[in-house]
Amino acid sequence: MKYTQLGRTGLKVSRLVLGTMNFGPQTDEADSHRIMDAALDAGINFFDTANVYGWGENKGRTEEIIGTWFAKGGDRRDKVVLATKVYGNMGADGEAWPNHDKLSAVNIRRAVDASLQRLRTDHIDLYQFHHVDRSTPFEEIWQAVDVLVQQGKILYAGSSNFPGYKIAQANEAAARRGSYGLVSEQCLYNLAERRAEMEVIPAAQDYGLGVIPWSPLHGGLLGGVIKKQAEGGRRASGRAADSLANTTVRAQVQAYEDLLDKHGVEPGEAALAWLLTRPGVTGPIVGPRTAEQLDSALRAVELELGEELLAGLDEVFPGPGPSPEAFAW
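Residues numbered from 1 in each chain as written. Predicted model: local features only at pLDDT ≥ 70, side-chain atom pairs only at ≥ 80, totals over all residues. Heavy atoms only, no water.

Draft legend 1. The overall build of the protein chain, seen in detail. The secondary structure content of the protein chain amounts to 13 helices and ten strands. For the protein chain, the C-alpha radius of gyration of 20 Å lies close to 20 Å, the compact-globule estimate for 329 residues. Its C-alpha atoms give the protein chain principal-axis dimensions of roughly 55 × 55 × 40 Å. Burial statistics for the protein chain: of 329 residues in total, 52% are counted as buried. Here the analysis covers contacts within the protein chain between residues at least 6 apart in sequence; of these, 77% occur between residues at least 24 apart. Only carbon and sulfur atoms are counted for the fraction: they give 49% of the accessible area of the protein chain, which is about 14900 Å². Averaging the coordinates of the 34 positive side-chain charges in the protein chain and doing the same for the 43 negative ones gives two points 3 Å apart. (Helix = DSSP H or I, 4+ residues; strand = E, 2+ residues; numbered from the N terminus. Rg over C-alpha atoms; globule rule 2.2 N^0.38 Å. Buried < 20%, exposed > 50% of the residue type's maximum accessible area, 1.4 Å probe, protein only. Contact = heavy atoms within 4.5 Å. Areas by Shrake-Rupley, 256 points an atom, 1.4 Å probe, with all protein chains shown as cover. Lys, Arg positive; Asp, Glu negative; His and termini not counted. Charge placed at Lys NZ, Arg CZ, Asp CG, Glu CD.)

Okay, here's the thing in structure tokens:
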């Protein structure tokens, strides 16, 4: 495994991030524990979750599964850089009581204590804001975060799904009060969805945030989906199925798979390896449902993409270009 600093911090994290969203809804506790053990054995030390994972009536279940894994001991907690998130409505019936969601100081305090209990730990290494809260000023958010840091309940704060201007607002507000500010941004970023290159990633780089791409295979679209369908494998669903319904996108994906077949590279591994070449990227989040999927992701860390292949990928999936040139002269 290769490691890098998380943004401007001194924290060393693996170039792959273990995403746990499938733990509970699709992967049972025993298999989830096996996947986490395998990840740790492979050198992955950066685990990502969220308080809402488990979904529906089981919100919080994913954190509980991680907590029971930590409770097995063996220095599991000590070896892991643990990231979770706050924002979502945690009401089981889908309707939160007032102040039981978003980023008010009241909810941040309540949510972090609940996550700590489910995770069976005394601190969270990276506490991330899962979405922008347009009704809570950053001054209030940083006041709450600073208290949690002083209490030792969290070490760093990060954002997720923030536009570039909100990253700037957040860190300027932090600077005014002497707070450390955001150290990471978790955003949708992959070969098929490169809009983050316009403003989110430049803002993150300017403010010293590590970029943690989620959905690096775009819901399976970049994992060889057309070839798998032709061979009678699992059919596309969700984001991948919606995308393939567009004939232009389907042609792009076919060209992508043909290019990688020519170079003898597996599509899913190439998509991850491409992200590892991108400026500002700390590491993509991989969310394996099985140990075999984790093995495939691990191979991407060692995969070297040649200049010819990188140029070909840019031709198939061209980026938007920098801002403002992407939309101006």
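Don't stop here, the text continues.
Draft legend 2. Region of the structure containing the side chain of Asn51. Within the element layout of this structure, Asn51 appears in the loop between β4 (46-48) and α2 (61-70). For Asn51, a relative accessible area of 1% translates into the label buried. Excluding its chain neighbours within four sequence positions, the residues that come into contact with Asn51 are Lys59, Gly60, Glu63, Thr84, Lys85, Val86, Tyr87, Met90, Ala111, Ser115 and Arg118.

Draft legend 3. Expanded view of the environment of Tyr256. Of note, Tyr256 is situated in helix α10 (residues 247-263). Residues Tyr256 and Phe317, 61 residues apart in the sequence, show an inter-C-alpha distance of 8.3 Å. Excluding anything up to four places from it in sequence, Tyr256 contacts Leu191, Leu222, Pro267, Gly268, Ala271, Leu313, Val316 and Phe317.

Draft legend 4. Representation of unusual backbone geometry. In this model, Ser323 is joined to Pro324 through a cis peptide bond whose omega is 5°. Examined against the element boundaries, Pro324 turns out to sit in the segment after α13 (307-316). Backbone geometry places Arg120, a non-glycine residue, at a positive phi of 55°. Its identity is not glycine, yet His218 carries a phi of approximately 50°, on the positive side. Inspection of the secondary structure puts His218 in the loop between β9 (210-214) and α8 (225-230).

Draft legend 5. Structural detail: helix α12 (residues 291-302). Those residues of α12 lying buried are Leu294, Ala297, Leu298, Ala300 and Val301. Each buried residue of α12 sits inside an arc of 145° when the element is viewed along its axis, so together they form one side. Opposite its buried face, α12 presents the exposed residues Glu292 and Glu302, each directed more than 90 degrees away. The inward-facing, buried residues of α12 contact α1 (29-41), α11 (267-276) and β10 (285-286). (Arc of directions from axis to C-beta.)

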